[in-house]
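In case you want the letters, here they are:
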Amino acid sequence: MTDYQNNNTFSFEIEKRLEGKLGRAGIIHTPHGDIKTPAFMCVGTRGSVNFLSMEDLKAIQAQAMLSNGYHLRNVSYEIAQNGGLAAWSQWNGPTLTDSGGFQVMSLGSGSGKVVSMKVGHDLKNTEPEHRFAKVTEDGVAFTDPNSGQDDFIGPEESMQIQCRIGADIHMAFDELTSLADDYDYNVEALARTERWALRSIEEHRKHQYDLGYYQALYGVIQGGRWEDLRRSTSKKFAKMDFDGYGLGGAFLKENLGDILRWCCEELPETKPRHLLGLSHPDDILIGIEMGADTFDCVAPTREARHGKIYTRYGNINLANSRFKDSMEPLDDDCDCPVCKAGWTKGQLRELLKSQDKEKRHLYFNLASQHNLRFILRLTEEARQALLDDTFYEYRNQFLKDYYHK
């Protein structure tokens, strides 16, 4: 791809604002195309979504793909030689990469643990001697748990890696804390993230045109569940030269809306905001209301592979024997290619339970298409409701149907 869209620039256009709240409908303009927001970005960790082709992504009307800078670091030179992520992956649309900040936590204090939005009495960080990552002022030294490879990523390395990968949007290098980290550690980590942000900007400017098109940089807002930390760092980041912002960190589900409000009230309205790693419908709707524009999460495809299917009236688990031989469609209201083709719950359950690898892979493909289309359609419908001034009515009806409340 040699001809870039939007005059090879990056910008954000607001079309409609949600009265009384921070939400908005808009368009993110990138060199590889537009993203109409609110929007969900499908996660293709290594440059493709597991078990889906690029044709499948187009068929479910995906707008953008998010990939992982950490996981693509060792093939970043190859990607650069092939014209960047959009061309190398054959997606040829808008793309985003994260910085590796999540791995700071998942290989460090969260090694061997499941990321949760709930604080339990037994929630503890992994002991230092069992961690795969060590945080210093310079960056993060880590051991890849799969290959055993020792490596180091700091702000400069992360920017160099991401600029070789060449997504339209990159994330500044940050330290993601866990819910087990206390206030004092969050103060320390946040100050380090703020220093890393300045280093990220400086290095990114050197390489953002290396592949011939403009590559945007988002700053990542951390600060845990504390209002003073969230507001103070958002004010600082607002004054930095970022193209947009990632809303990250350890979220408690019950105060997700408050945390997003604290951040977005301090960030410039004219720049886009990406809520990192959440996809439950209530979280997305809260995110939209409180000013998030784009979203990503691995849950729709991961849960699909384990039998969980999203429907307008709640989730179902096809592993349940009651769906054996069921002739019912997955969801009467669904417009995904799987439902349009007439696949039934019983047919998909048979594929899921099959001992034949090819049949199980077919199930993974079909179920992943369905779940992703469900979340994509949610953001599309929410966007239209924003444009029509009916967002609250849409939100209330959706939550009533989906959660039976």
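Residues numbered from 1 in each chain as written. Predicted model: local features only at pLDDT ≥ 70, side-chain atom pairs only at ≥ 80, totals over all residues. Heavy atoms only, no water.

A. Examining the nonpolar core more closely. Counting 54 residues, the largest nonpolar core has Phe-40, Leu-57, Phe-242, Leu-247, Leu-275 and Phe-391 as the members making the most contacts within it. Looking at which element gives the most residues to this core, the answer is helix 13 (residues 357-387), with 8 residues. Those residues in contact with Leu-57 that sit more than four places away from it in its chain are Cys-42, Val-49, Leu-52, Ala-62 and Trp-91. Core analysis: the second largest hydrophobic core is formed by 17 residues, Leu-330, Cys-334, Cys-336 and Tyr-363 among them. (Core = buried A, V, L, I, M, F, W, Y, C linked by side-chain atoms within 4.5 Å. Buried < 20%, exposed > 50% of the residue type's maximum accessible area, 1.4 Å probe, protein only. Helix = DSSP H or I, 4+ residues; strand = E, 2+ residues; numbered from the N terminus. Contact = heavy atoms within 4.5 Å.)

B. Expanded view of the environment of Ile-153. Inspection of the secondary structure assignment puts Ile-153 in strand 9 (residues 150-153). When the C-alpha atoms of Ile-153 and Tyr-70 are compared, they prove to be 8.7 Å apart, with 83 residues separating the residues in sequence. With near-sequence residues (within four places) excluded, Ile-153 lies in contact with Tyr-70, Arg-73, Gly-139, Val-140, Phe-142, Ser-158, Ile-161 and Phe-173.

C. Layout of the sheet that holds strand 9. The strand order across the open sheet formed by 3 strands is 7-8-9, and the pairing between neighbours is antiparallel. Every other strand in the sheet has two partners, leaving strand 7 (133-135) and strand 9 as the edge strands with one partner each. Adjacent strand axes in the sheet meet at a mean angle of 15°, parallel and antiparallel pairs treated alike. (Pairing = 2+ DSSP bridges. Axes fitted to C-alpha atoms, helices over the stretch in contact; angles between N-to-C directions.)

D. Fine view of the sheet that holds strand 5 (residues 65-68). Overall, parallel pairing links the 8 strands, which are arranged 4-5-6-10-11-12-13-14 in a closed barrel. Strand after strand, the sheet turns through a mean of 30° between neighbouring axes, direction not considered. Pairing of strand 13 (residues 273-275) with strand 14 (residues 294-296) involves 2 bridges; the strand directions are parallel. Looking at strand 14, one finds that His-274 is bridged to Thr-294. Where helix 6 (residues 183-207) meets the sheet, it contacts strand 10 (169-171) and strand 11 (216-221), and its direction lies at approximately 180° from that of strand 11.

E. Summary view of the side chain of Arg-373. When you line up the elements, Arg-373 lands in helix 13. Classification of Arg-373 as buried rests on a relative accessible area of 2%. Engagement of the side chain of Arg-373 in a polar contact is seen with the side chain of Asp-335, the distance being 2.9 Å. (Polar contact = N/O pair within 3.5 Å; in protein donor to acceptor, adjacent residues only side chain to side chain.)

F. Up close: the pattern of salt bridges. With the rule as written, the count across this model stands at 28 salt bridges. Residue Arg-195 is joined to Glu-137 by a salt bridge in which the shortest nitrogen-to-oxygen separation is 2.8 Å. Taken together, the residues Arg-195 in helix 6 and Glu-137 in the loop between strand 7 and strand 8 (140-143) connect sequence positions 58 residues apart. Note on Arg-195: relative accessible area 38%, which makes it partly exposed. In this structure Glu-137 comes out as partly exposed when scored by relative accessible area, which is 34%. Here Glu-175 and Arg-192 are joined by a salt bridge, their closest N and O atoms 2.9 Å apart. Taken together, the positions of Glu-175 in the loop between strand 10 and helix 6 and Arg-192 in helix 6 put the pair 17 residues apart, joining distant regions of the chain. Of the two residues, Glu-175 and Arg-192, both sit in the buried class. One continuous salt-bridge network, built from bridges that share partners, spans Glu-227, Arg-231, Asp-258, Arg-261, Glu-265 and Glu-266. (Salt bridge = Lys/Arg side-chain N within 4 Å of Asp/Glu carboxyl O.)

Read these as geometric descriptors, not functional statements.
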